[in-house]
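Here are the chains, one letter per residue:
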Amino acid sequence: SSDLTIEECVKLATIAYPSLNESRAWAIIHQESRGNPRARNDEAIWNGEHAKGLWQFIPSTFQSTPYGRAGMSIWSP
């Protein structure tokens, strides 16, 4: 599989978003998905979209990130 590990994901997120440190990234992941990259929140709906993945992004928001623009999957950590 070409999916990143959660640890790699955290490191990349802190590079792409310098104001995000690793401690805060881990706290967000724990709060949003309990560390499950396949998490889907059926109650978090925005314009008909459900929050998904490790970070619980709305798909249209995910597409605006460097990772979404690069064609990565919302389900990959």
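Model, not experiment: these values are computed from the prediction.

Draft legend 1. Molecular detail of the layout of surface pockets. Size it by volume and the largest pocket reaches roughly 310 Å³. In this structure, the largest pocket is lined by 20 residues; those nearest its centre are Ala13, Trp55, Phe57, Phe62 and Tyr67. A total of three residues in the lining of the largest pocket trace back to one element, the largest contributor, which is helix α1 (residues 6-16). Residues of the lining of the largest pocket, tallied by class, amount to 15 nonpolar, four polar and one charged.

Draft legend 2. Quick look at the pattern of salt bridges. One pass over the full model with this rule turns up two salt bridges. Across the pair Glu22 and Lys11 runs a salt bridge whose closest N-O atoms are separated by 3.3 Å. Here Glu22 is found in helix α2 (residues 22-33), whereas its partner Lys11 is found in helix α1, with eleven residues between them in sequence. Taking the relative accessible area as the measure of exposure, Lys11 reaches 46% and is therefore partly exposed. One salt bridge connects Asp42 with Arg40, and the closest N-O pair in it is separated by 2.3 Å. Residue Arg40 is classed as partly exposed on the basis of its relative accessible area, which comes to 43%.

Draft legend 3. Summary view of the packing of α1 against α2. Contact geometry for α1 and α2: axes closest at 9 Å, N-to-C directions at 125 degrees. By the angle between their directions, the pair α1 and α2 is classed as oblique. In this structure, the crossing between α1 and α2 has a hand that is right-handed. Contacts between α1 and α2 pair Ile6, Glu7, Val10, Lys11 and Thr14 from the former with Glu22, Ala25, Trp26 and Ile29 from the latter.

Draft legend 4. Fine view of the nonpolar core. Listed in full, the nine residues of the largest apolar core are Ile6, Cys9, Val10, Ala13, Leu20, Ala25, Ile29, Leu54 and Trp55. The dominant element in this core, judged by the number of residues it contributes, is α1, at four residues. Here Ala25 is in contact with Val10, Leu20 and Trp55, once residues within four sequence places are set aside.

Draft legend 5. Inspection of α1 at higher detail. Buried within α1 we find Ile6, Cys9, Val10, Ala13 and Thr14. All buried residues of α1 fall inside an arc of 130 degrees around its axis, so they share one side. Looking at the packing, one finds that the buried side of α1 touches α2 and α4 (66-69).

Cut-offs and rules
- Numbers given to residues run from 1 along each chain, matching the order in which its sequence is written.
- Given that the model is predicted, a residue must reach a pLDDT of at least 70 before its local features are reported, and side-chain atom pairs must reach 80 or more before they are shown or counted; all residues, however, enter totals for whole chains, interfaces and linings.
- Calculated side-chain values reflect all of the structure's heavy atoms, with hydrogen atoms and water omitted.
- Computed over the protein atoms alone on a 1 Å grid, cavities are sets of points where a 1.4 Å probe fits but cannot get out and pockets are open sets with protein on both sides within 12 Å along at least five of seven lines; a residue lines them when it has an atom within 4 Å of a point.
- Grid points are joined across faces, edges and corners, and a volume is the space filled by probe spheres set on the points.
- A helix here means a DSSP run of H or I that spans at least four residues, while a strand means a run of E at least two residues long, and both kinds are numbered starting from the N terminus.
- Three residue categories are used. Nonpolar comprises Ala, Val, Leu, Ile, Met, Phe, Trp, Tyr, Cys and Pro, charged comprises Asp, Glu, Lys and Arg, and polar comprises the others, including Gly.
- Salt bridges, as used here, are contacts in which a Lys or Arg side-chain nitrogen is within 4 Å of a carboxyl oxygen on Asp or Glu.
- Only protein chains enter the accessibility calculation, which uses a 1.4 Å probe; a residue is then buried when its area is under 20% of its type maximum, exposed when over 50%, and partly exposed in between.
- Axis lines are fitted to C-alpha atoms, over the contacting stretch for helices. Their N-to-C directions set the angle, which ranges from 0 to 180 degrees.
- Relative orientations are named as follows: roughly parallel for angles under 35 degrees, roughly antiparallel for angles over 145 degrees, roughly perpendicular for angles from 65 to 115 degrees, and oblique for any other angle.
- Left-handed is the label given to a crossing in which the near helix is rotated counterclockwise from the far helix by less than a right angle, and right-handed is the label when the rotation is clockwise.
- Throughout, a contact is declared for two residues whenever any of their heavy atoms are within 4.5 Å.
- Definition used in this section: a nonpolar core is a set of buried Ala, Val, Leu, Ile, Met, Phe, Trp, Tyr and Cys residues joined via side-chain atoms within 4.5 Å.
- As used here, the arc belongs to the directions running from the helix axis to the C-beta atoms.

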